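Working through the structure, step by step
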Amino acid sequence: MLSYDGRVQLIQYVLLSMHVFWASTLILPKSVTKEIQNICSRFLWSGNVEGKNKALVAWKEVIKLKKEGGLNIKDIEVWNRAAVSKHVWQIIENTNNLWAKWISTNKIKNGNYWSNKSDNNSSWVWKGLMSIKKEIMKIVEFKIGNANNINFWKDHPWIHGCFLLEKYPRVMMKEAAVLKNSKVADLWRHNRWNLPDPIGMPTLEACEYIKENFTLNNDNDTISWKVVKGSNFNPEDINHIFYGCSFTKMIWNKLLLICGCPRNISSWRRFISWFCKIAIGKNANAAIRRNIMTATIYQIWRSRNMKVFKNETPVVEENIRRFKFIILSKMNRDCLHLVSLCCYGFGFNSPEAFVTGKLQPFPSLLACGLSIWPEAFVTGFCSRIPEAFVTGFSSLLSSCFLIPL
């Protein structure tokens with residue numbers, strides 16, 4: 001009989017993973033999500049997925065965060081809507097995606113996602129995308145640029161996440177003297193608003209609000225996810241995450257010397273361009289550089305996630321230590337493989353292969369290991385093939401420190 005902790009683990013990683021594909025594709029019917037919750041609830045309290053649900057605590061309490069008294073189990077309905085919202089984002093951003101292009105051509109046509117609607121003949125997928133429109137408006141942020149493609153009245157939620165007629169429903173188009181198809185840019189002249197004189201009080205309030213809160217410029221209109229106040233999420237791009245922030249710079253400064261990276265590289269794109277040129281091939285030096293690159297990226301991404309999701313401040317020294325462990329584990333396996341190839345694949349059945357100098361790729365690996373963490377590398381390698389290491393170490397050591405990485 002599983003304990004409650006064991007059941008919680010199975011629910012989180014097995015039962016709630018079986019519907020992930022469909023939940024990421026379309027909005028599930030409420031009857032389906034309710035049945036999934038009932039199955040999880042029955043299994044949690046009785047250990048069976050069938051029979052009556054003898055729940056001791058309401059499911060809405062169970063899915064709360066642990067700090068709020070719950071078990072931190074995913075809310076299926078909320079997760080479903082969040083997963084499907086990625087498709088909405090592809091439509092809004094007009095990404096280079098075959099499905100998004102098809103939707104733009106056949107569904108949206110000359111309009112946009114915000115102005116589109118579903119009807120009785122629409123598919124279940126499209127109805128689901130339309131049903132979460134209001135929720136998407138609340139979690140995205142619109143930044144007005146030139147506003148050449150934004151309808152003034154109702155086709156775009158440019159008034160802080162809502163349409164103008166939604167924020168001011170009492171405003172009449174005739175009283176405002178602004179045409180139905182007018183663009184926001186049509187009402188901006190000589191770096192100031194050129195709005196008609198309002199007739200009624202609601203129109204006056206709307207005009208004053210626009211003048212106080214919005215200005216246009218020559219930039220393109222942009223949309224981004226909102227940053228929740230007090231959270232650890234901040235606007236970031238790939239250049240900032242992997243190369244630009246102070247933490248990653250300290251990591252790279254300690255490790256790129258091993259790869260011989262020039263100091264004048266200032267962006268992630270330039271670094272990748274340089275790295276692709278010097279890490280090509282099957283030789284030991286290229287393999288070492290690729291290992292350093294992948295291990296460092298992994299550690300940076302891991303530290304970033306720990307900061308975002310667990311509020312743990314990353315420490316450079318700790319990440320360097322983990323990086324060394326990953327690299328040395330990989331290099332020790334590679335060294336053992338190379339020695340096996342040289343000793344058995346090429347007819348060398350004894351440690352004399354070191355002395356005769358037949359292990360050509362091996363000095364590069366040893367040089368990198370010694371430069372990263374000498375004690376650990378020597379200890380780890382000796383524990384695997386001590387006789388060969390002792391026999392050939394004296395003849396290889398001098399050449400290893402002369403090999404450029």
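Considering the overall build of the protein
The helix and strand tally for the protein stands at 20 helices and four strands. Residues counted as buried form 39% of the 405 residues belonging to the protein. Taking all contacts inside the protein whose residues are at least 6 apart in sequence as the whole, residues at least 24 apart take part in 62%. Surface exposure of the protein reaches about 24,400 Å², of which carbon and sulfur atoms provide 56%.

Concerning the side chain of Asn116
Along the polypeptide, Asn116 turns up in the loop between α6 (98–108) and α7 (124–131). On the basis of relative accessibility, which here comes to 12%, the residue Asn116 falls in the buried class. One polar contact links the side chain of Asn116 to the main-chain carbonyl oxygen of Lys107, over a distance of 3.1 Å. Once residues lying within four places of it in the same chain are set aside, the contact partners of Asn116 are Lys107, Ile108, Trp126, Met130 and Lys133.

Side note on the environment of Leu164
Note on placement: Leu164 falls in helix α9 (residues 164–167). Residue classification places Leu164 among the buried positions, given a relative accessible area of 3%. What Leu164 contacts, discounting residues up to four positions off in sequence, is Phe152, Trp153, Ile159, Ala206 and Ile210.

Considering helix α1 (residues 4–13)
Buried residues of α1: Arg7, Val8, Ile11 and Gln12, and no others. The arc that holds every buried residue of α1, seen down its axis, measures 130°, which confines them to one face. Seen from the buried face of α1, the exposed residues on the opposite side, beyond 90 degrees, are Asp5 and Tyr13. Elements that come into contact with the buried residues of α1 comprise α3 (30–46).

Things to note about the packing of aromatic side chains
Applying the stated rule across the entire model yields 17 aromatic pairs. Taking 4.9 Å as the distance between ring centres and 25° as the angle between the ring planes, the aromatic pair formed by Trp89 and Trp225 counts as stacked. Linking Trp89 in helix α5 (residues 76–93) with Trp225 in strand β4 (residues 222–225), this pair joins segments that are 136 residues apart in sequence. Of the residues examined, Trp225 reaches a relative accessible area of 36% and is grouped as partly exposed. Judged by centre distance (5.9 Å) and plane angle (45°), the rings of Phe152 and Trp158 are tilted. Looking at Phe152, the relative accessible area reads 4%, which means it is buried.

A short note on the environment of Ala100
The residue Ala100 is located in helix α6 in this model. Residue classification places Ala100 among the buried residues on the basis of a relative accessible area of 0%. Through-space distance from the C-alpha of Ala100 to that of Val88 is 8.9 Å; in sequence the pair is twelve residues apart.

Some remarks on the pattern of salt bridges
The tally for this structure, following the rule as stated, stands at six salt bridges. For Arg42, the salt bridge is made with Glu35, and the minimal N-O distance between the two is 3.6 Å. Given a relative accessible area of 40%, Glu35 falls into the partly exposed group. Between Glu166 and Lys134 there is a salt bridge, and its shortest N-O distance comes to 2.4 Å. In this pair, Glu166 sits in helix α9 while Lys134 sits in helix α8 (residues 133–139), placing the two residues 32 residues apart along the sequence.

Brief notes about the pairing of strand β1 (residues 140–143)
Across the two faces of β1 the burial differs, with Val140 and Phe142 buried and Glu141 and Lys143 not buried at all. Of the pairings in the sheet, the one linking β1 to β4 comprises four bridges and is antiparallel in character. Across the sheet, Lys143 pairs through a bridge with Thr222, a residue of β4.

Section: the packing of α1 against α3
Running from N to C, α1 and α3 point in directions that differ by 160°, and their axes come no closer than 8 Å. In this view, α1 runs roughly antiparallel relative to α3, as classed from their interaxial angle. Considering how the two elements wind past one another, α1 and α3 form a crossing that is right-handed. Of the residues in α3, those in contact with Tyr4, Arg7, Val8, Leu10 and Ile11 of α1 are Cys40, Phe43, Leu44, Trp45 and Ser46. Residue composition of the contact of α1 with α3, by class: eight nonpolar, one polar and one charged.

A few points about the confidence of the model for the protein
Confidence in the prediction of the protein, expressed as mean pLDDT, is 76, and 77% of residues score 70 or more. Between the elements of the protein, mean pLDDT differs from a low of 42, seen in helix α20 (residues 386–400), to a high of 91, seen in α7. Across residues 375–405, confidence stays below pLDDT 50; counting only partners more than four residues off in sequence or on other chains, it has 53 contacts.

Regarding helix α11 (residues 201–213)
Over its 13 residues, α11 runs 18 Å from end to end, which matches the ideal 18 Å to within 8%, given 1.5 Å per residue. Within α11, burial applies to Pro202, Thr203, Ala206, Cys207, Tyr209 and Ile210. Angularly, the buried residues of α11 cover 160° about the axis, an arc narrow enough to put them on a single face. Facing away from the buried surface of α11 by more than 90 degrees, the exposed residues are Met201 and Glu212. Those residues of α11 that are buried lie in contact with α9, α10 (173–176) and β3 (192–193).

What to know about the nonpolar core
With 24 residues, the main nonpolar core has Phe152, Trp158, Ile159, Leu164, Val184 and Trp193 as its most contacted residues. The next biggest cluster of nonpolar side chains, apart from the first, holds 18 residues, and it includes Val84, Trp114, Trp126 and Leu129.

About the thresholds
- Residues numbered from 1 in each chain as written.
- Predicted model: local features only at pLDDT ≥ 70, side-chain atom pairs only at ≥ 80, totals over all residues.
- Heavy atoms only, no water.
- Helix = DSSP H or I, 4+ residues; strand = E, 2+ residues; numbered from the N terminus.
- Buried < 20%, exposed > 50% of the residue type's maximum accessible area, 1.4 Å probe, protein only.
- Contact = heavy atoms within 4.5 Å.
- Areas by Shrake-Rupley, 256 points an atom, 1.4 Å probe, with all protein chains shown as cover.
- Polar contact = N/O pair within 3.5 Å; in protein donor to acceptor, adjacent residues only side chain to side chain.
- Arc of directions from axis to C-beta.
- Phe/Tyr/Trp six-rings, centres within 6.5 Å; stacked < 30°, edge-to-face > 60°.
- Salt bridge = Lys/Arg side-chain N within 4 Å of Asp/Glu carboxyl O.
- Pairing = 2+ DSSP bridges.
- Axes fitted to C-alpha atoms, helices over the stretch in contact; angles between N-to-C directions.
- Parallel < 35°, antiparallel > 145°, perpendicular 65-115°, else oblique.
- Left-handed = near helix turned anticlockwise from the far one by under 90°.
- Nonpolar A, V, L, I, M, F, W, Y, C, P; charged D, E, K, R; others polar.
- pLDDT = per-residue confidence, 0-100.
- Expected span 1.5 Å × (residues − 1).
- Core = buried A, V, L, I, M, F, W, Y, C linked by side-chain atoms within 4.5 Å.

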